[in-house]
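This is what each chain is made of:
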Amino acid sequence: MFLAVFASGIAFVFWLAGVRAVGPARASVFVNLAPVSSALLAVLMLGERLALFHLAGAVLVLAGVYLVSRKPGKPASGRETAAGAGGTVDPAGS
């Protein structure tokens, strides 16, 4: 009963507040951090040992979260995109 009401219930309330703050698309990416935080808590609280595959997985997850959640920058060519140019889009590319 404690786990259902306090741990899961309160976590769900905070998760919904986060979704409301940043939107579902951005918040859904951070679900991928659950296994990473679980592994870290297992090391800290249960004395588990981390293996190389844990670290490799954590790096991949963190890199993925970073790539998806970063703000878009300038295009690599330095040219403005069609949306940023303020004009119409010419399908011929001229």
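How each quantity is defined
- Residues numbered from 1 in each chain as written.
- Predicted model: local features only at pLDDT ≥ 70, side-chain atom pairs only at ≥ 80, totals over all residues.
- Heavy atoms only, no water.
- Helix = DSSP H or I, 4+ residues; strand = E, 2+ residues; numbered from the N terminus.
- Areas by Shrake-Rupley, 256 points an atom, 1.4 Å probe, with all protein chains shown as cover.
- Patch = residues over 30% accessible without salt bridge, like charges linked within 9 Å, V, L, I, M, F, W, Y side chains within 5 Å.
- Salt bridge = Lys/Arg side-chain N within 4 Å of Asp/Glu carboxyl O.
- Buried < 20%, exposed > 50% of the residue type's maximum accessible area, 1.4 Å probe, protein only.
- Expected span 1.5 Å × (residues − 1).

Time to look at the overall build of the protein chain. Check the secondary structure of the protein chain and you find five helices and zero strands. Its helices and strands taken in sequence order, the protein chain reads α-α-α-α-α from the N to the C terminus. Accessible area for the protein chain stands at about 7,900 Å²; split by element, carbon and sulfur atoms hold 70% of it.

What follows covers a nonpolar patch on the surface. On the surface, M1, F2, V5, F6, I10 and F14 cluster together into a nonpolar patch covering about 730 Å² of accessible area. Looking at where M1 falls in the secondary structure, it is placed in the segment before α1 (2-22). Accessibility expressed as a relative area gives 80% for M1, which makes it exposed.

What follows deals with helix α3 (residues 34-46). Counted at 1.5 Å a residue, the expected span for α3 with its 13 residues is 18 Å, and the 17 Å between its end C-alpha atoms agrees. G47 sits one or two residues past α3 and shows a positive phi near 75 degrees.

Limitation: the analysis is restricted to geometry and does not speak to function.
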